[in-house]
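Residue strings, one per chain:
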Amino acid sequence: MTTDLPLPASAASSWLRRAAIPILFLALGVVYASWAARLPAIRDALALDPATLGTVLLGGGIGAVSSFPLAAWLVGHYGARKAALISGAAILLVLPTMALMPSWPWLMLGMVGFGATTSCFDVAINALGAEEERAAGRSIMSMLHAWFCVGTFGGALLSSGAAALGLSPLLHFSLIVLALSLPLYLSCQVLPCDQPDPEAGRKHFALPHGALIWLGLIAFLGAVSEGSLTDWIALYLHDHLHASEAVAPLGYAAFAGCMLAARLVGDRLKERFGARKLVAVSSALSACGVLVAVLAPNVPVAILGFALAGLGVAAVFPCIFSAAGRDGAASLAAVATLGYSGSLMGPPIMGYVVHGAGLQAGMVFLAVACAGVALAASRASRLV
(Lines give C-alpha, C1' and ligand atoms only; values in the text may rest on other atoms or scores of the structure.)
Protein backbone atom coordinates (compact mmCIF):
# COMPACT_ATOMS: atom_id res chain seq x y z
CA MET A 1 0.00 0.00 0.00
CA THR A 2 1.31 3.46 -0.83
CA THR A 3 -0.01 6.87 0.14
CA ASP A 4 2.53 8.94 -1.73
CA LEU A 5 1.22 11.64 -4.03
CA PRO A 6 3.35 13.85 -6.30
CA LEU A 7 3.41 17.41 -5.06
CA PRO A 8 4.39 20.47 -7.11
CA ALA A 9 7.64 22.18 -6.23
CA SER A 10 6.04 25.44 -5.18
CA ALA A 11 6.41 27.93 -2.39
CA ALA A 12 3.24 26.57 -0.80
CA SER A 13 4.49 22.97 -0.76
CA SER A 14 7.89 24.13 0.54
CA TRP A 15 6.19 25.95 3.40
CA LEU A 16 4.04 22.94 4.18
CA ARG A 17 7.12 20.71 4.23
CA ARG A 18 8.70 22.94 6.88
CA ALA A 19 5.46 23.11 8.85
CA ALA A 20 4.58 19.41 8.60
CA ILE A 21 6.21 18.09 11.77
CA PRO A 22 5.08 21.07 13.91
CA ILE A 23 1.53 20.49 12.64
CA LEU A 24 1.68 16.86 13.77
CA PHE A 25 2.79 17.91 17.27
CA LEU A 26 0.08 20.57 17.34
CA ALA A 27 -2.60 18.07 16.34
CA LEU A 28 -1.64 15.71 19.17
CA GLY A 29 -1.87 18.60 21.63
CA VAL A 30 -5.36 19.55 20.45
CA VAL A 31 -6.53 15.97 20.89
CA TYR A 32 -5.07 15.67 24.39
CA ALA A 33 -6.51 18.98 25.55
CA SER A 34 -9.93 18.34 24.06
CA TRP A 35 -10.24 15.06 25.91
CA ALA A 36 -8.85 16.37 29.22
CA ALA A 37 -10.93 19.56 29.24
CA ARG A 38 -14.23 17.74 28.65
CA LEU A 39 -13.45 14.98 31.16
CA PRO A 40 -15.59 16.62 33.90
CA ALA A 41 -18.66 16.52 31.61
CA ILE A 42 -18.05 12.88 30.68
CA ARG A 43 -17.39 12.01 34.34
CA ASP A 44 -20.63 13.68 35.43
CA ALA A 45 -22.66 12.03 32.65
CA LEU A 46 -21.59 8.59 33.91
CA ALA A 47 -21.65 9.58 37.64
CA LEU A 48 -18.11 8.31 38.28
CA ASP A 49 -16.49 8.64 41.70
CA PRO A 50 -12.75 9.46 41.89
CA ALA A 51 -11.63 5.84 42.37
CA THR A 52 -13.70 4.66 39.41
CA LEU A 53 -12.45 7.53 37.30
CA GLY A 54 -8.88 6.57 38.18
CA THR A 55 -9.62 3.01 37.09
CA VAL A 56 -11.08 4.29 33.81
CA LEU A 57 -7.97 6.38 33.17
CA LEU A 58 -5.88 3.29 33.85
CA GLY A 59 -7.15 2.05 30.49
CA GLY A 60 -5.20 4.79 28.72
CA GLY A 61 -1.97 3.66 30.31
CA ILE A 62 -2.69 0.00 29.55
CA GLY A 63 -3.29 0.86 25.92
CA ALA A 64 -0.16 3.02 25.74
CA VAL A 65 2.24 0.50 27.27
CA SER A 66 0.82 -2.51 25.44
CA SER A 67 1.01 -0.66 22.12
CA PHE A 68 4.78 -0.31 22.03
CA PRO A 69 5.30 -3.57 20.14
CA LEU A 70 2.84 -2.15 17.59
CA ALA A 71 4.63 1.23 17.53
CA ALA A 72 7.98 -0.49 16.96
CA TRP A 73 6.47 -2.66 14.23
CA LEU A 74 4.89 0.31 12.44
CA VAL A 75 8.10 2.34 12.47
CA GLY A 76 10.16 -0.71 11.57
CA HIS A 77 8.05 -1.79 8.61
CA TYR A 78 6.69 1.48 7.23
CA GLY A 79 8.95 4.23 8.56
CA ALA A 80 7.97 6.98 11.00
CA ARG A 81 6.11 9.07 8.40
CA LYS A 82 3.59 6.40 7.44
CA ALA A 83 3.39 5.23 11.06
CA ALA A 84 2.31 8.77 11.98
CA LEU A 85 -0.37 8.79 9.27
CA ILE A 86 -1.79 5.40 10.24
CA SER A 87 -1.83 6.04 13.99
CA GLY A 88 -3.07 9.63 13.55
CA ALA A 89 -6.04 8.43 11.51
CA ALA A 90 -6.79 5.87 14.23
CA ILE A 91 -6.84 8.61 16.89
CA LEU A 92 -9.42 10.56 14.92
CA LEU A 93 -11.59 7.46 14.68
CA VAL A 94 -11.37 6.74 18.41
CA LEU A 95 -11.86 10.23 19.87
CA PRO A 96 -15.61 10.73 19.15
CA THR A 97 -16.43 7.24 20.41
CA MET A 98 -15.21 8.31 23.87
CA ALA A 99 -18.30 10.49 24.22
CA LEU A 100 -20.63 7.60 23.34
CA MET A 101 -19.62 5.10 26.01
CA PRO A 102 -22.66 4.11 28.14
CA SER A 103 -20.83 2.96 31.29
CA TRP A 104 -17.42 3.04 32.94
CA PRO A 105 -16.25 -0.40 31.67
CA TRP A 106 -16.96 0.71 28.10
CA LEU A 107 -15.23 4.04 28.72
CA MET A 108 -12.21 2.19 30.10
CA LEU A 109 -12.15 0.06 26.94
CA GLY A 110 -12.29 3.25 24.89
CA MET A 111 -9.38 4.60 26.91
CA VAL A 112 -7.34 1.51 25.99
CA GLY A 113 -7.82 2.37 22.31
CA PHE A 114 -7.16 6.04 22.92
CA GLY A 115 -3.94 5.30 24.81
CA ALA A 116 -2.71 2.86 22.16
CA THR A 117 -3.32 5.17 19.20
CA THR A 118 -1.90 8.30 20.84
CA SER A 119 1.23 6.50 22.03
CA CYS A 120 1.94 5.08 18.56
CA PHE A 121 1.49 8.55 17.09
CA ASP A 122 3.67 10.07 19.81
CA VAL A 123 6.55 7.67 19.14
CA ALA A 124 6.27 8.21 15.37
CA ILE A 125 6.32 12.01 15.48
CA ASN A 126 9.14 12.09 18.04
CA ALA A 127 11.15 9.78 15.77
CA LEU A 128 10.50 12.24 12.95
CA GLY A 129 11.56 15.10 15.22
CA ALA A 130 14.76 13.36 16.32
CA GLU A 131 15.72 12.73 12.68
CA GLU A 132 14.97 16.36 11.83
CA GLU A 133 17.15 17.46 14.75
CA ARG A 134 20.04 15.29 13.54
CA ALA A 135 19.69 16.73 10.05
CA ALA A 136 19.61 20.30 11.38
CA GLY A 137 22.70 19.76 13.54
CA ARG A 138 21.21 21.77 16.41
CA SER A 139 18.62 21.43 19.16
CA ILE A 140 15.07 21.82 17.85
CA MET A 141 13.11 19.28 19.93
CA SER A 142 11.93 21.82 22.49
CA MET A 143 10.51 23.98 19.71
CA LEU A 144 8.70 20.98 18.25
CA HIS A 145 7.21 20.21 21.66
CA ALA A 146 6.25 23.87 21.89
CA TRP A 147 3.91 23.21 18.99
CA PHE A 148 2.35 20.43 21.07
CA CYS A 149 1.72 23.11 23.70
CA VAL A 150 0.20 25.40 21.08
CA GLY A 151 -2.22 22.57 20.45
CA THR A 152 -2.98 21.94 24.12
CA PHE A 153 -3.40 25.65 24.84
CA GLY A 154 -5.65 26.20 21.85
CA GLY A 155 -7.53 22.99 22.49
CA ALA A 156 -8.20 23.99 26.10
CA LEU A 157 -9.52 27.41 25.06
CA LEU A 158 -11.70 25.85 22.37
CA SER A 159 -12.99 23.36 24.93
CA SER A 160 -13.86 26.16 27.33
CA GLY A 161 -15.77 27.87 24.52
CA ALA A 162 -17.50 24.64 23.54
CA ALA A 163 -18.63 24.08 27.13
CA ALA A 164 -19.82 27.68 27.46
CA LEU A 165 -21.87 27.27 24.27
CA GLY A 166 -23.39 24.07 25.60
CA LEU A 167 -21.88 21.80 22.93
CA SER A 168 -21.94 18.15 23.89
CA PRO A 169 -18.59 16.32 24.07
CA LEU A 170 -19.67 14.23 21.06
CA LEU A 171 -20.31 17.26 18.87
CA HIS A 172 -17.16 18.96 20.15
CA PHE A 173 -14.98 15.90 19.42
CA SER A 174 -16.55 15.45 15.99
CA LEU A 175 -15.68 19.04 15.07
CA ILE A 176 -12.10 18.43 16.22
CA VAL A 177 -11.89 15.39 13.94
CA LEU A 178 -13.15 17.39 10.96
CA ALA A 179 -10.66 20.18 11.65
CA LEU A 180 -7.63 17.90 11.98
CA SER A 181 -8.19 15.32 9.24
CA LEU A 182 -6.89 17.31 6.27
CA PRO A 183 -3.85 18.83 8.05
CA LEU A 184 -2.84 15.35 9.24
CA TYR A 185 -3.07 13.89 5.74
CA LEU A 186 -1.29 16.75 3.99
CA SER A 187 1.50 16.92 6.57
CA CYS A 188 2.29 13.24 6.20
CA GLN A 189 2.16 13.52 2.41
CA VAL A 190 4.79 16.25 2.11
CA LEU A 191 7.36 14.74 4.47
CA PRO A 192 10.21 12.94 2.71
CA CYS A 193 9.89 9.17 2.42
CA ASP A 194 11.93 7.88 5.36
CA GLN A 195 13.42 4.42 5.37
CA PRO A 196 11.98 1.71 7.62
CA ASP A 197 14.08 1.02 10.73
CA PRO A 198 14.93 -2.71 10.76
CA GLU A 199 16.30 -2.50 14.32
CA ALA A 200 13.01 -1.07 15.61
CA GLY A 201 11.13 -3.68 13.63
CA ARG A 202 13.02 -6.55 15.28
CA LYS A 203 12.78 -5.19 18.83
CA HIS A 204 9.07 -5.40 19.39
CA PHE A 205 9.38 -4.64 23.10
CA ALA A 206 12.27 -3.13 25.01
CA LEU A 207 13.09 -1.49 28.30
CA PRO A 208 15.90 0.99 28.88
CA HIS A 209 19.20 -0.46 30.05
CA GLY A 210 22.55 0.91 31.13
CA ALA A 211 22.75 4.69 31.15
CA LEU A 212 19.29 4.88 29.54
CA ILE A 213 17.70 3.73 32.82
CA TRP A 214 17.90 7.23 34.28
CA LEU A 215 16.24 8.65 31.18
CA GLY A 216 13.54 6.02 31.57
CA LEU A 217 13.02 6.95 35.23
CA ILE A 218 12.70 10.62 34.33
CA ALA A 219 10.21 9.68 31.61
CA PHE A 220 8.24 7.56 34.11
CA LEU A 221 7.98 10.22 36.80
CA GLY A 222 7.50 12.98 34.24
CA ALA A 223 4.55 11.11 32.73
CA VAL A 224 3.06 10.52 36.18
CA SER A 225 3.15 14.26 36.94
CA GLU A 226 2.40 15.81 33.54
CA GLY A 227 -0.18 13.19 32.54
CA SER A 228 -2.03 13.31 35.85
CA LEU A 229 -2.04 17.12 35.84
CA THR A 230 -3.53 16.99 32.35
CA ASP A 231 -6.36 14.79 33.60
CA TRP A 232 -6.95 16.39 37.00
CA ILE A 233 -6.43 20.18 36.75
CA ALA A 234 -9.95 20.83 35.48
CA LEU A 235 -11.39 18.36 37.99
CA TYR A 236 -9.45 19.99 40.85
CA LEU A 237 -10.71 23.47 39.99
CA HIS A 238 -14.27 22.24 39.41
CA ASP A 239 -14.61 19.99 42.46
CA HIS A 240 -12.29 21.52 45.08
CA LEU A 241 -12.58 25.23 44.29
CA HIS A 242 -16.04 25.06 42.68
CA ALA A 243 -15.11 26.62 39.33
CA SER A 244 -17.79 26.36 36.66
CA GLU A 245 -17.45 23.94 33.75
CA ALA A 246 -16.55 26.87 31.50
CA VAL A 247 -13.90 28.27 33.90
CA ALA A 248 -12.27 24.97 34.95
CA PRO A 249 -10.54 24.37 31.56
CA LEU A 250 -8.78 27.73 31.95
CA GLY A 251 -6.53 26.13 34.56
CA TYR A 252 -5.31 23.65 32.00
CA ALA A 253 -5.04 26.46 29.45
CA ALA A 254 -2.69 28.32 31.84
CA PHE A 255 -0.68 25.14 32.41
CA ALA A 256 -0.39 24.48 28.66
CA GLY A 257 0.23 28.12 27.79
CA CYS A 258 3.18 28.34 30.18
CA MET A 259 4.54 25.06 28.85
CA LEU A 260 4.42 26.69 25.43
CA ALA A 261 6.25 29.80 26.61
CA ALA A 262 8.98 27.73 28.26
CA ARG A 263 9.45 25.47 25.25
CA LEU A 264 9.82 28.43 22.92
CA VAL A 265 13.07 29.26 24.72
CA GLY A 266 13.90 25.71 25.80
CA ASP A 267 16.41 24.97 23.05
CA ARG A 268 18.40 28.12 23.88
CA LEU A 269 18.31 27.33 27.61
CA LYS A 270 19.45 23.78 26.92
CA GLU A 271 22.41 24.97 24.87
CA ARG A 272 23.39 27.50 27.55
CA PHE A 273 22.92 25.49 30.75
CA GLY A 274 22.82 21.87 29.59
CA ALA A 275 19.87 19.49 29.59
CA ARG A 276 20.64 17.95 32.99
CA LYS A 277 20.62 21.24 34.90
CA LEU A 278 17.63 22.53 32.94
CA VAL A 279 15.47 19.49 33.72
CA ALA A 280 16.51 19.40 37.39
CA VAL A 281 15.81 23.08 38.10
CA SER A 282 12.62 23.26 36.07
CA SER A 283 11.21 20.13 37.71
CA ALA A 284 11.82 21.65 41.14
CA LEU A 285 9.87 24.69 39.92
CA SER A 286 6.97 22.46 38.83
CA ALA A 287 6.85 20.87 42.30
CA CYS A 288 6.62 24.34 43.85
CA GLY A 289 3.87 25.32 41.43
CA VAL A 290 1.73 22.30 42.31
CA LEU A 291 2.14 23.09 46.02
CA VAL A 292 0.95 26.66 45.34
CA ALA A 293 -2.21 25.17 43.79
CA VAL A 294 -2.64 22.89 46.82
CA LEU A 295 -2.55 25.83 49.21
CA ALA A 296 -4.53 28.21 46.96
CA PRO A 297 -7.54 29.86 48.64
CA ASN A 298 -9.29 30.58 45.33
CA VAL A 299 -9.36 29.78 41.64
CA PRO A 300 -7.01 32.56 40.38
CA VAL A 301 -4.23 31.57 42.79
CA ALA A 302 -4.63 27.90 41.87
CA ILE A 303 -4.41 28.80 38.18
CA LEU A 304 -1.20 30.69 38.94
CA GLY A 305 0.21 27.59 40.62
CA PHE A 306 -0.67 25.43 37.63
CA ALA A 307 0.94 28.01 35.35
CA LEU A 308 4.21 27.66 37.32
CA ALA A 309 3.90 23.90 37.05
CA GLY A 310 3.54 24.24 33.29
CA LEU A 311 6.75 26.27 33.14
CA GLY A 312 8.50 23.57 35.12
CA VAL A 313 7.44 20.42 33.28
CA ALA A 314 8.11 21.91 29.84
CA ALA A 315 11.75 20.82 29.57
CA VAL A 316 11.35 17.18 30.58
CA PHE A 317 10.14 15.37 27.48
CA PRO A 318 11.95 17.41 24.81
CA CYS A 319 15.25 16.78 26.59
CA ILE A 320 14.82 13.07 27.26
CA PHE A 321 13.39 12.29 23.81
CA SER A 322 16.26 14.20 22.21
CA ALA A 323 18.80 12.28 24.31
CA ALA A 324 17.19 8.88 23.67
CA GLY A 325 16.53 9.62 19.99
CA ARG A 326 20.26 9.99 19.33
CA ASP A 327 20.49 6.20 19.64
CA GLY A 328 17.68 5.54 17.16
CA ALA A 329 13.98 4.70 17.21
CA ALA A 330 14.42 1.53 19.28
CA SER A 331 16.07 3.42 22.17
CA LEU A 332 13.44 6.15 21.88
CA ALA A 333 10.66 3.57 22.13
CA ALA A 334 12.39 1.92 25.10
CA VAL A 335 12.51 5.16 27.08
CA ALA A 336 8.97 6.02 25.98
CA THR A 337 7.86 2.60 27.30
CA LEU A 338 8.73 3.65 30.84
CA GLY A 339 7.17 7.05 30.17
CA TYR A 340 3.88 5.50 29.26
CA SER A 341 4.20 3.13 32.20
CA GLY A 342 4.01 6.31 34.25
CA SER A 343 0.85 7.19 32.35
CA LEU A 344 -0.39 3.70 33.21
CA MET A 345 0.21 4.00 36.95
CA GLY A 346 -0.29 7.73 37.55
CA PRO A 347 -4.05 8.17 36.95
CA PRO A 348 -5.24 5.20 39.04
CA ILE A 349 -2.88 6.04 41.91
CA MET A 350 -4.06 9.64 41.72
CA GLY A 351 -7.68 8.47 41.69
CA TYR A 352 -7.23 6.24 44.72
CA VAL A 353 -5.36 8.95 46.65
CA VAL A 354 -8.12 11.46 45.84
CA HIS A 355 -10.81 8.94 46.77
CA GLY A 356 -9.18 8.19 50.12
CA ALA A 357 -7.63 11.50 51.13
CA GLY A 358 -9.02 14.23 48.87
CA LEU A 359 -7.92 16.27 45.88
CA GLN A 360 -5.29 18.22 47.78
CA ALA A 361 -3.53 15.02 48.84
CA GLY A 362 -3.57 13.88 45.22
CA MET A 363 -1.87 17.10 44.16
CA VAL A 364 0.79 16.63 46.86
CA PHE A 365 1.49 13.20 45.34
CA LEU A 366 2.12 14.92 41.98
CA ALA A 367 4.43 17.47 43.61
CA VAL A 368 6.49 14.57 45.00
CA ALA A 369 6.68 13.04 41.50
CA CYS A 370 7.99 16.37 40.13
CA ALA A 371 10.64 16.45 42.85
CA GLY A 372 11.59 12.90 41.89
CA VAL A 373 12.21 14.05 38.31
CA ALA A 374 14.59 16.72 39.59
CA LEU A 375 16.51 14.16 41.64
CA ALA A 376 16.73 11.64 38.77
CA ALA A 377 17.86 14.34 36.33
CA SER A 378 20.83 15.15 38.56
CA ARG A 379 22.04 11.54 38.08
CA ALA A 380 21.38 11.09 34.35
CA SER A 381 24.71 11.11 32.55
CA ARG A 382 23.05 10.71 29.12
CA LEU A 383 20.97 13.85 29.64
CA VAL A 384 23.17 16.29 27.74
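Bear in mind that the values here come from a model prediction, so they are computed numbers and not experimental data.

1. A few points about the environment of S228
Here is step 1 of the chain: Positionally, S228 belongs in helix α10 (residues 212–240).
Here is step 2 of the chain: What makes S228 buried here is its relative accessible area of 1%.
Here is step 3 of the chain: C-alpha of S228 to C-alpha of M350: the two residues are 122 residues apart in sequence and 7.2 Å apart in space.
Here is step 4 of the chain: Ignoring sequence-local partners within four residues, the contact set of S228 consists of A223, G346, P347, M350 and L366.

2. A closer look at empty space enclosed by the protein
Here is step 1 of the chain: Scanning the entire structure with this criterion turns up six cavities of 30 Å³ or more.
Here is step 2 of the chain: What the second largest cavity holds in volume is close to 70 Å³.
Here is step 3 of the chain: What lines the second largest cavity is simply A27, L28, V31, G88, I91, L92, F121, L180 and L184.
Here is step 4 of the chain: Elements that contribute at least two residues to the lining of the second largest cavity include exactly α1 (11–37), α5 (80–94) and α8 (169–190).
Here is step 5 of the chain: Residue composition of the lining of the second largest cavity, by class: eight nonpolar, one polar and no charged.

3. Concerning the packing of aromatic side chains
Here is step 1 of the chain: Per the counting criterion, the structure on display carries five aromatic pairs.
Here is step 2 of the chain: When the ring of Y252 is compared with that of F255, the centres are 5.8 Å apart and the planes differ by 35°; the resulting orientation is tilted. Highlighted residues: Y252 and F255, both in helix α11 (residues 249–264), separated by three residues, approximately one helical turn.

4. What to know about the environment of A146
Here is step 1 of the chain: Here A146 shows up in helix α7 (residues 141–164).
Here is step 2 of the chain: The exposure class of A146 is buried, given its relative accessible area of 1%.
Here is step 3 of the chain: For the pair A146 and L260, spaced 114 residues apart in sequence, the C-alpha to C-alpha distance is 4.9 Å.
Here is step 4 of the chain: Here A146 is in contact with L260, R263 and L264, once residues within four sequence places are set aside.

The rules behind each value
Residues numbered from 1 in each chain as written. Predicted model: local features only at pLDDT ≥ 70, side-chain atom pairs only at ≥ 80, totals over all residues. Heavy atoms only, no water. Helix = DSSP H or I, 4+ residues; strand = E, 2+ residues; numbered from the N terminus. Buried < 20%, exposed > 50% of the residue type's maximum accessible area, 1.4 Å probe, protein only. Contact = heavy atoms within 4.5 Å. 1 Å grid on protein atoms, 1.4 Å probe; cavity = no way out; pocket = protein on both sides within 12 Å on 5 of 7 lines; lining within 4 Å. Points joined across faces, edges and corners; volume = space filled by probe spheres on them. Nonpolar A, V, L, I, M, F, W, Y, C, P; charged D, E, K, R; others polar. Phe/Tyr/Trp six-rings, centres within 6.5 Å; stacked < 30°, edge-to-face > 60°.

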